[in-house]
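Spelled out from the first residue to the last, the chains are:
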Amino acid sequence: MRSLILWTLLLFSTTALAAETRLVVRARARDGKFIGTSMGGVRVVLRDGQTGQVLASGVTAGSTGNTQTLMKQPQVRGAPLADEASAKFTATLDLAEPRWVKVEVSGPLAQRQALATSTTQLWLLPGKHIEGDGLILELPGFVVDVLTPSAHEFVKLAKDKKLTLPLRANLILMCGCPTEPQGLWDSTRYELQATVKHNGKPLTQLPLKYAGKTSTFEAELSVQQQGAYEVTVTAYDPVTGNTGVDSTTFIVGGG
């Protein structure tokens, strides 16, 4: 009976000492803005750094943030990067003692072919909130989305003829920020390439050029044989190291 009373008192004491502790987590695209609702957000998971126990999880929501603040004006030490609308996830924990926490962000959730993950660790102290800009994790990469040919599209090839097919892809940053020549995200420095296989064997490589529409790039592929084709489009920025990949397949049959 005495041990039960002592255990109850200890539990009550620990609970009484627990303090609500808030942590704001944001994900920012490399060379871009925050990743928010427009891109499906990013999944945020907080785990105990020693046991792996999930402490909190959720998805960032909100806007990509202020373009002027994030991309144009010089960043002054201590000046906030986020505003009230900027995408975030707020985790609320009850802590009775310092806790070593692993934070993981994965996204963008609306474009899973471009999914990237970033992690870090930090100590959370009872009642000591980390808010404002909070904890910002960077996600590198591009979102590449092959538009044409559509997946497993079937096209006919007339006998003794050749066919010219358009290859078209969309290219944006992880935050959804648009790309175009001489734009804020200047595509003239990006390297976009389509690698084509025919029946599993390398066939050709083609550069993609700006198609006259924001974030859209294209090339033309000459097809002379029936069979299964695979197109892989890659993007690379030699300045930031951002990369991205997407693929599609199409079938060429007889006419």
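See the structure printed just above.
Report follows, based on the coordinates. (Residues numbered from 1 in each chain as written. Predicted model: local features only at pLDDT ≥ 70, side-chain atom pairs only at ≥ 80, totals over all residues. Heavy atoms only, no water.)

Scanning the protein from terminus to terminus reveals two helices and 16 strands. For 255 residues, the compact-globule estimate of 2.2 N^0.38 gives 18 Å, and the C-alpha radius of gyration of the protein, at 25 Å, exceeds that figure by more than 25%. Along the longest, intermediate and shortest principal axes, the C-alpha atoms of the protein span 95 × 50 × 25 Å. Here the protein holds 255 residues, and 40% of them are scored as buried. (Helix = DSSP H or I, 4+ residues; strand = E, 2+ residues; numbered from the N terminus. Rg over C-alpha atoms; globule rule 2.2 N^0.38 Å. Buried < 20%, exposed > 50% of the residue type's maximum accessible area, 1.4 Å probe, protein only.)

Paired through their backbone hydrogen bonds, the strands of a sheet run either parallel or antiparallel. Taken together, four strands build an open sheet; the order of strands is β3-β2-β5-β6 and the sheet is antiparallel. Since the sheet does not close on itself, it has two edges, and those belong to β3 (54–59) and β6 (116–124), each with one partner. The sheet shows a mean angle of 15° between the axes of neighbouring strands, taken without regard to direction. Here strand β2 (residues 43–48) pairs with strand β5 (residues 99–107) via six bridges, running antiparallel. (Pairing = 2+ DSSP bridges. Axes fitted to C-alpha atoms, helices over the stretch in contact; angles between N-to-C directions.)

Our next topic: the state of the cysteines. Following the criterion strictly, the structure yields one disulfide and no others. Note that C175 is cross-linked by a disulfide to C177, the S-S spacing being 2.4 Å. Here C175 and C177 share a disulfide; its torsion about the S-S bond, -130°, makes the bridge left-handed. With respect to burial, C175 and C177 carry one shared label: buried. (Disulfide = S-S within 2.5 Å.)

A general tendency of soluble globular proteins is for nonpolar side chains to be buried together. Formed by 57 residues in total, the largest nonpolar core has its most connected members in I35, L46, V103 and F250. Element by element, the count of residues in this core is highest for strand β10 (residues 163–173), at six residues. Formed by five residues, the second largest nonpolar core is a distinct cluster that contains F34, L81, A82 and A87. (Core = buried A, V, L, I, M, F, W, Y, C linked by side-chain atoms within 4.5 Å.)

A word on a nonpolar patch on the surface. Taken together, W100, W123 and L125 make up a surface patch of nonpolar side chains, about 330 Å² in accessible area. Within the fold, W123 resides in strand β6. Using a relative accessible area of 55% as the deciding quantity, one classes W123 as exposed. (Patch = residues over 30% accessible without salt bridge, like charges linked within 9 Å, V, L, I, M, F, W, Y side chains within 5 Å. Areas by Shrake-Rupley, 256 points an atom, 1.4 Å probe, with all protein chains shown as cover. Salt bridge = Lys/Arg side-chain N within 4 Å of Asp/Glu carboxyl O.)

Right, let's get into the sheet that holds strand β12 (residues 201–207). The sheet built from five strands is open, its strands ordered β9-β16-β15-β11-β12 with mixed pairing. Each edge of the open sheet carries a strand with a single partner, namely β9 (153–157) and β12. Each adjacent strand pair in this sheet contributes to an overall mean axis angle of 25°, direction not counted. The sheet contact formed by strand β11 (residues 191–198) and β12 spans six bridges and is antiparallel. If you follow Q193 over to β12, its bridge partner there is P207.

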